[in-house]
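# Notes for the structure review
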Amino acid sequence: MESPTTDEAGPVLLDVAQLTADPERAAGFAAAAHRILADLVGAGASLGWTEPPGADEVAELVGRVLRAARAGDGALRAAYLGPRLVGLGYWLRYARPTSRQHADLEKIAVSSEVHGRGIGRSLTSTLVADAREAEIEVLTLDTRADNTRALGLYRSLGFCEYGRLPDFVKMGGRRYDKVFSMLDLRGDRPAS
């Protein structure tokens, strides 16, 4: 098994095999992910929920992503500082047979306690590398337009905007554009 990805001052980024190799860590992962996601959504983060998700909902999501990653239909990365989960992110392949060569980066979530330390960049970069290794051709994502930090991060990693739905996202009494971005990975490999 490959060793966990880390940098000198940053987190260890575990893939599914590394995460589940430790039974104690694997058993606590869904609850730790729930704490991060619920806290972020409660503070207004743009993660797809209008209210903090319940523990059961997050456990179901984690199970679905783990199954997809084991089947080669996705990738999950979990960022740990010591024994503490501080972030997670994942992508999933598109379900339609004509689009299975592409994937959608669905969530990048970093605990508010460690914002500004480059963990989101590390998670996203590692998930992009995982997509390349899985021969994903185009990695897509969508973001709420007011999430300027995330949009800036994605642009800095080579994602480009390919569309926008005006006033599409309703959060509280406000509406926001939904911004679609993509990273074309086809140029990263020799032509077949």
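The sections below set out a description of the structure shown in this document. (Residues numbered from 1 in each chain as written. Predicted model: local features only at pLDDT ≥ 70, side-chain atom pairs only at ≥ 80, totals over all residues. Heavy atoms only, no water.)

### Points about the overall build of the chain
Along its length, the chain carries 5 helices and 8 strands. Relative to the compact-globule value of 16 Å for 192 residues, the chain shows a C-alpha radius of gyration of 16 Å, a close match. With the C-alpha coordinates aligned to their principal axes, the bounding extent of the chain is approximately 50 × 45 × 35 Å. Sequence separation of at least 24 residues holds for 56% of the intrachain contacts in the chain that already meet a minimum separation of 6. When the accessible surface of the chain is split by element, carbon and sulfur atoms take 50% of a total near 10200 Å². One finds the centroid of the 24 positive side-chain charges in the chain at a distance of 4 Å from the centroid of its 26 negative side-chain charges. (Helix = DSSP H or I, 4+ residues; strand = E, 2+ residues; numbered from the N terminus. Rg over C-alpha atoms; globule rule 2.2 N^0.38 Å. Contact = heavy atoms within 4.5 Å. Areas by Shrake-Rupley, 256 points an atom, 1.4 Å probe, with all protein chains shown as cover. Lys, Arg positive; Asp, Glu negative; His and termini not counted. Charge placed at Lys NZ, Arg CZ, Asp CG, Glu CD.)

### Considering the environment of D39
Looking at the element boundaries, D39 is found in helix α2 (residues 23–42). Under the relative-accessibility criterion, D39 is labelled exposed at 54%. Measuring from C-alpha to C-alpha, the distance between D39 and P52 comes to 7.1 Å, with 13 residues separating the pair along the chain. (Buried < 20%, exposed > 50% of the residue type's maximum accessible area, 1.4 Å probe, protein only.)

### Some thoughts on the layout of surface pockets
The space that makes up the largest pocket amounts to roughly 1200 Å³. Surrounding the largest pocket, 39 residues form its lining, S46, L47, I108, N147 and A150 being those nearest its centre. For the lining of the largest pocket, the secondary-structure elements that each account for two or more residues are β5 (103–110), α4 (119–133), β6 (138–144), α5 (148–156) and β7 (160–171). Counting residues per element, the lining of the largest pocket draws most heavily on β5, at 7 residues. (1 Å grid on protein atoms, 1.4 Å probe; cavity = no way out; pocket = protein on both sides within 12 Å on 5 of 7 lines; lining within 4 Å. Points joined across faces, edges and corners; volume = space filled by probe spheres on them.)

Distances and angles like these do not, on their own, reveal function.
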